[in-house]
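Structural features, examined
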Amino acid sequence: MTPKDTILQRVEDEDVRFIRLQFTDMLGRMRNMAITVDKLNDALDNLCIFDGSAIDGFANIEESDLYLHPDPTTFAIFPWRPHNGKVARLICDVYTPDGQPLEYNPRLILERVLKEAEEMGFTFKIGPEMEFFLFNTDEIGRPTTETNDHGSYFDIAPLDNGENTRRDICLTLEDMGYVIEASHHEMARGQHEIVFKADDALTTADRIITSKMVIKTIAKRNGLHATFMPKPFANEWGSGMHLNMWLETDGKNVFEYNPAEKKFPDAAYRFIAGLLHYTREISCLTNPTVNSYRRFIQGADAPCHISWSENNRSLLIRAIRTRKPENSLIEYRSPDGTANPYLAIAAILKAGLEGIKDSSIVLPPSIGMNVCDITEEEKSLMGIKKMPVSLNEALKIARDSKLIEDILGAKLKEHYIANKEAEYDDYRRAVSQWELDRYLVQY
């Protein structure tokens, strides 16, 4: 059977009545168009059209007609919907009327970088650690800033009151074909983490964007609000989205640690060098909100400096050797859950590939100590730079970045940065509670 026939048969066998054709906008927000099963045949023939001018970064009003091309491998039935008249989804790529991929489509941007890796002989494997907060809601379902527990790292009930919701989320994701490697309470009150098994990069990006929808949906069904806002509390730990990754060639891990020589292959070190070199340039994609930069403070288990190690958990990048050398990987610890996963993963991969291609990019020494204990002079001598401290700084760096233009294209780069500059300007104009507390009486 063809993939189309398989989907049509499953829809009939399982009484699916509605299908959501999903895609992601420039900012990483999931969008969808719902169709009835009677239109599914047309959808699978790439005949569903929508107005792209209403979607951030997609099209002008003069060229607004765009087509959804479903990826058959993403077909999934939502387990939380009715058993009679079920609801399913297909993730779609976006195409122009003349059948060309839309250059602004985030999923296709990732596919382009994956194609570049393929031409170099690599496939990219990546696994996310998704952190989020659960908050109580008020009497009409609006989110509050009150958590439903005061647990901490690895706590269990009754301290971890989110345990049941987290279990429901994991079981729902497993029903949709995800493999969950672990889940637990995180450091802050109301904070949780779910770790997904690594897979190819496009599948992982699809799963990240879907899991955010699932987590929010199941939380709401349990009377809670889930948020991937990185830093909802000033004096608590923030939420990141650590990404574990490696390259493969013909199914073999290119980053496999060599115990006899006590080192990683050169490709792993070159990939790390590229990531370190371009981290400041890609931060506007991996950490795209004003609130993202609240995480990057000393003592908050988030990287403040651009450095790496083979054993230090506090740094930006860890090269991890496991008991099975073939499972060696790199952990990249700066991204957070507000990132568009397609653009963030594309940027990370592109940076790493540039490190492999460009031998002039120097790998700084591995750091075995807390970088915050090193003097500024010592950091300078060791080539250790700071993470951007604000979205504004990250955007200024990105404006001059050829790498960002190579990833996004000139037009989307301009549109994305302009959108984020407007967001930062809105923030700059706002008067915070801190300012009122500090200055209202004092002056």
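Attention here is on the structure that accompanies the text.

Calculation rules
Residues numbered from 1 in each chain as written. Predicted model: local features only at pLDDT ≥ 70, side-chain atom pairs only at ≥ 80, totals over all residues. Heavy atoms only, no water. Axes fitted to C-alpha atoms, helices over the stretch in contact; angles between N-to-C directions. Helix = DSSP H or I, 4+ residues; strand = E, 2+ residues; numbered from the N terminus. Parallel < 35°, antiparallel > 145°, perpendicular 65-115°, else oblique. Left-handed = near helix turned anticlockwise from the far one by under 90°. Contact = heavy atoms within 4.5 Å. Nonpolar A, V, L, I, M, F, W, Y, C, P; charged D, E, K, R; others polar. Buried < 20%, exposed > 50% of the residue type's maximum accessible area, 1.4 Å probe, protein only. Pairing = 2+ DSSP bridges. Lys, Arg positive; Asp, Glu negative; His and termini not counted. Salt bridge = Lys/Arg side-chain N within 4 Å of Asp/Glu carboxyl O. Arc of directions from axis to C-beta.

This brings us to the packing of helix H6 (residues 266-286) against helix H7 (residues 341-357). With their axes 6 Å apart at the nearest point, H6 and H7 run at an angle of 140 degrees to one another. The angle between H6 and H7 falls in the class oblique. For the crossing formed where H6 meets H7, the hand is right-handed. Contacts from Ala267, Arg270, Phe271, Gly274, Leu275, Tyr278, Ile282, Leu285 and Thr286 of H6 reach H7 at Leu343, Ala344, Ala347, Ile348, Leu349, Ala351, Gly352, Leu353, Glu354, Gly355 and Ile356. Within the contact of H6 with H7, the residues separate by chemical class into 14 nonpolar, four polar and two charged.

On to the pairing of strand E6 (residues 86-95). E6 sits mainly inside the fold: 10 of its 10 residues count as buried. The side-chain alternation of E6 yields two buried faces, one formed by Lys86, Ala88, Leu90, Cys92 and Val94 and the other by Val87, Arg89, Ile91, Asp93 and Tyr95. Pairing of strand E1 (residues 16-24) with E6 involves six bridges; the strand directions are parallel. The residue of E6 that forms the bridge with Gln22 is Ile91. When strand E4 (residues 65-70) meets E6, the two strands line up antiparallel, connected through four bridges. Opposite Pro70, over in E6, you have Cys92 as the bridge partner. Here two bridges tie strand E5 (residues 76-77) to E6, and the two strands are oriented antiparallel to one another. Across the sheet, Ala76 pairs through a bridge with Arg89, a residue of E6.

Right, let's get into unusual backbone geometry. Even without being glycine, Asp15 reaches a positive phi, approximately 55 degrees. Checked against the element boundaries, Asp15 lands in the loop between helix H1 (3-13) and E1. Assessed through its relative accessible area of 32%, Asp15 is described here as partly exposed.

Attention shifts here to the side chain of Lys231. Assignment of secondary structure puts Lys231 in the loop between strand E12 (224-227) and strand E13 (241-249). Put simply, Lys231 is tucked away with no salt bridge, and the nearest opposite charge, on Glu236, sits 7.9 Å away. With residues up to four places along the chain from it excluded, the contact list for Lys231 reads Glu236, Trp237, Gly238, Asn291, Arg294, Ile297 and Ala300.

Between helix H3 (residues 106-119) and helix H5 (residues 201-221), whose axes approach to 10 Å, the crossing angle comes to 155 degrees. Of the possible angle classes, the one that applies to H3 and H5 is roughly antiparallel. Between H3 and H5 lies a crossing whose hand is right-handed. Residues Arg107, Leu110, Glu111 and Leu114 of H3 form the contact with H5, whose own contacting residues are Ala201, Leu202, Ala205 and Asp206. A per-class count over the contact of H3 with H5 returns five nonpolar, no polar and three charged.

Buried within helix H9 (residues 391-399) are the following residues: Leu391, Ala394, Leu395, Ile397 and Ala398. Looking straight down H9, one finds that the buried residues subtend no more than 160 degrees of arc, so they occupy a single side.

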